[in-house]
Amino acid sequence: MNSTVKVDQFYDLFIKNFISVVLGLIINYINGTFVIVYFKNIIFCSDPRYILYIHLVINDMIMLSVSVGLQVTMYVLRIFNASVCCVVLLFLSTVTKNSPLNLACMAIERYIAICKPLHHSQICTVRRTYMLICFIWTAAAAPALSDIFIALSNRPASFFSTAIVCHMVFIYNTWQHTVKDTVVNVVYLSFVWITLIVTYFKVFSAANAASADQVSARKARNTILLHGVQLLLCMMSYITPFMGTALVNLFPQSPATILFILFLLSNVLPRLLSPLIYGLRDKQFVEHVKVYFCCKQVGRTQIIPVK
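Thresholds, definitions, all that
Residues numbered from 1 in each chain as written. Predicted model: local features only at pLDDT ≥ 70, side-chain atom pairs only at ≥ 80, totals over all residues. Heavy atoms only, no water. Helix = DSSP H or I, 4+ residues; strand = E, 2+ residues; numbered from the N terminus. Buried < 20%, exposed > 50% of the residue type's maximum accessible area, 1.4 Å probe, protein only. Contact = heavy atoms within 4.5 Å. Areas by Shrake-Rupley, 256 points an atom, 1.4 Å probe, with all protein chains shown as cover. Patch = residues over 30% accessible without salt bridge, like charges linked within 9 Å, V, L, I, M, F, W, Y side chains within 5 Å. Salt bridge = Lys/Arg side-chain N within 4 Å of Asp/Glu carboxyl O. Core = buried A, V, L, I, M, F, W, Y, C linked by side-chain atoms within 4.5 Å. UniProt positions renumbered as here; feature names shortened; annotations may be inferred. Phe/Tyr/Trp six-rings, centres within 6.5 Å; stacked < 30°, edge-to-face > 60°. Expected span 1.5 Å × (residues − 1). Bend = angle between axes of the 7 residues up to and from the residue. Polar contact = N/O pair within 3.5 Å; in protein donor to acceptor, adjacent residues only side chain to side chain. Axes fitted to C-alpha atoms, helices over the stretch in contact; angles between N-to-C directions. Parallel < 35°, antiparallel > 145°, perpendicular 65-115°, else oblique. Left-handed = near helix turned anticlockwise from the far one by under 90°. Nonpolar A, V, L, I, M, F, W, Y, C, P; charged D, E, K, R; others polar.

## Focus on the overall build of the protein
Line of reasoning, step 1. When helices and strands are counted, the protein shows 13 helices and two strands.
Line of reasoning, step 2. Residues counted as buried form 43% of the 307 residues belonging to the protein.
Line of reasoning, step 3. Residue pairs at least 24 apart in sequence account for 79% of intrachain contacts in the protein once pairs closer than 6 positions are excluded.
Line of reasoning, step 4. Split by element, the accessible area of the protein, about 16,600 Å² in all, is 72% carbon and sulfur.

And the structure:
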């Protein structure tokens, strides 16, 4: 009887890890294709809009790889060294907060392009875009670093040499962490939502002006709306613990399956949205992707510039 249960548990864990790894590889392959096309065409590397877009794609690839890798490792090893776990969680928390901040910056860039077209080339330069990306990483890493400092001040040094389950609830579970998480999430998400709403209405007003490029304004407005949709999906990572607790209480017979499905919905599948929302809506980018696959089929290594 016990051997049968163990076999069933093994197959259950194997199937879940297999699904996560396969989905992760497929999504990273799609995102990786967009990254390759970007770096093979100088026209994209010199455009702030595409630089921010590809940064979002690369960030999603890193987040997906770390999330799936951590999930598989936890199933295999069960426990981690606490110090190693802190480093992994630091990196994972940083890339998680990068996404909404990057969305806000993309919305601001579209606002400047539509509402301040004469100043766009002066404000949105390549150098300033890379400086902005550095600022995004700094702003996203600061809360994650504060988690470690709070843990260092509340736990003995011996704790960081012990083996634990690598999850935030087992390391960052003091009242200071709770207060910090609440404040940071409210401030960050409020900033992003306010940015999206203000830029949307600014672009909407510009679209009604006779002097505005109606097609570009409409595209920018739709893009900012899609930023909002993606931000809602990004927020799933914040509400997933509450959803998990509620669903497990409703269906106590299958907690592992519920948590696995929530993991896919909040951490895996949203990483596919960046290329679908932005890349496939951009005709120029799509043309270069088509050329890339055509060249790949005939065995060529260089992408022919699209005129």
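Having put the structure on the table, let's press on.
## Here we look at a nonpolar patch on the surface
Line of reasoning, step 1. On the surface, F10, Y11, F14, I15, F18, I19, V22 and I26 cluster together to form a nonpolar patch covering roughly 780 Å² of accessible area.
Line of reasoning, step 2. With respect to the helices and strands, F18 occurs in helix 1 (residues 2-39).

## Description of the nonpolar core
Line of reasoning, step 1. Within the largest apolar cluster, 37 residues are counted, with the highest numbers of intra-cluster contacts made by Y38, Y53, L101 and F285.
Line of reasoning, step 2. For this core, the elements supplying multiple residues, two or more each, are helix 1, helix 2 (42-45), helix 3 (48-77), helix 4 (82-115), helix 6 (126-154), helix 8 (175-208), helix 9 (214-234) and helix 13 (283-297).
Line of reasoning, step 3. No other element matches helix 8, which puts eight residues into this core.
Line of reasoning, step 4. Apart from residues no more than four positions distant in its own chain, Y38 is found in contact with F44, C45, Y50, I51, I54, Y130 and F285.
Line of reasoning, step 5. Counting 17 residues, the second largest nonpolar core, distinct from the first, contains M63, A82, L89 and I148.

## Side note on the pattern of salt bridges
Line of reasoning, step 1. A complete count under the given rule lists three salt bridges for this structure.
Line of reasoning, step 2. Between E109 and R110 there is a salt bridge, with its nearest N and O atoms 2.8 Å apart. Take E109 and R110: they sit in the same class, and that class is buried.
Line of reasoning, step 3. The salt bridge involving K180 is made with D181; its shortest N-O contact spans 2.7 Å.
Line of reasoning, step 4. Relative accessible area serves as the criterion here: at 13%, K180 is assigned to the buried category.
Line of reasoning, step 5. Accessibility expressed as a relative area gives 29% for D181, which makes it partly exposed.
Line of reasoning, step 6. The structure contains a network of salt bridges with shared partners spanning D147, K180 and D181.

## Examining the UniProt feature "transmembrane region" (unreviewed entry) in the protein
Line of reasoning, step 1. Within this numbering scheme, the UniProt entry marks residues 18-38, 50-69, 75-92, 130-151, 157-175, 182-204, 224-251 and 258-278 as carrying the feature "transmembrane region" (unreviewed entry).
Line of reasoning, step 2. Annotated as residues 18-38, this span is 100% helix and 0% strand, and its ends, taken at the C-alpha atoms, are 30 Å apart.

## A closer look at the packing of aromatic side chains
Line of reasoning, step 1. Scanning all chains against the criterion turns up five aromatic pairs.
Line of reasoning, step 2. On the basis of an interplanar angle of 35° and a centroid distance of 6.4 Å, the ring pair of F91 and W137 is categorised as tilted. Of the two residues, F91 is situated in helix 4 and W137 in helix 6; the sequence distance between them amounts to 46 residues.
Line of reasoning, step 3. By relative accessible area, W137 is classed as partly exposed at 27%.

## Focus: the side chain of S20
Line of reasoning, step 1. Summarising the element assignment, S20 is placed in helix 1.
Line of reasoning, step 2. For S20, a relative accessible area of 0% puts it in the buried group.
Line of reasoning, step 3. Aside from chain neighbours lying at most four places away, what touches S20 is V68, Q71, F260, F263 and L264.

## Quick look at helix 4
Line of reasoning, step 1. Between its terminal C-alpha atoms helix 4 stretches 50 Å, which fits the 50 Å expected from 34 residues at 1.5 Å a residue.
Line of reasoning, step 2. Most pronounced at S99, the bend in helix 4 amounts to some 25°, and the proline P100 follows within four residues.
Line of reasoning, step 3. For helix 4, the side-chain oxygen to backbone nitrogen distance between the N-cap and S83 is 2.9 Å, and the N-cap itself is N81.

## Thoughts on the environment of V22
Line of reasoning, step 1. By the element assignment, V22 lies in helix 1.
Line of reasoning, step 2. Between the C-alpha atoms of V22 and V68, which are 46 residues apart in sequence, the distance is 10.0 Å.

## Some words on the packing of helix 3 against helix 11 (residues 255-268)
Line of reasoning, step 1. Remark: helix 3 packs on helix 11, axes separated minimally by 10 Å, with the N-to-C direction vectors making an angle of 160°. One way to sum up the angle between helix 3 and helix 11 is to call them roughly antiparallel. Considering the relative orientation of helix 3 and helix 11, their crossing is right-handed. Facing helix 3, whose interface residues are M63, L64, S67, V68 and Q71, helix 11 presents F260, F263, N267 and V268.
Line of reasoning, step 2. The residue inventory of the contact of helix 3 with helix 11, partitioned by class, reads six nonpolar, three polar and no charged.

## Observations regarding the side chain of N102
Line of reasoning, step 1. Mapped onto the elements of the fold, N102 is located in helix 4.
Line of reasoning, step 2. The exposure class assigned to N102 is buried, which follows from its relative accessible area of 1%.
Line of reasoning, step 3. Discounting chain neighbours no more than four positions away, the residues touching N102 are L52, H55, L56 and I136.

## A few points about the packing of helix 3 against helix 4
Line of reasoning, step 1. Where helix 3 meets helix 4, the closest approach of the two axes is 9 Å, and the angle between their N-to-C directions is 155°. In terms of axis orientation, helix 3 runs roughly antiparallel to helix 4. Judged by the twist between their axes, the crossing of helix 3 over helix 4 is left-handed.

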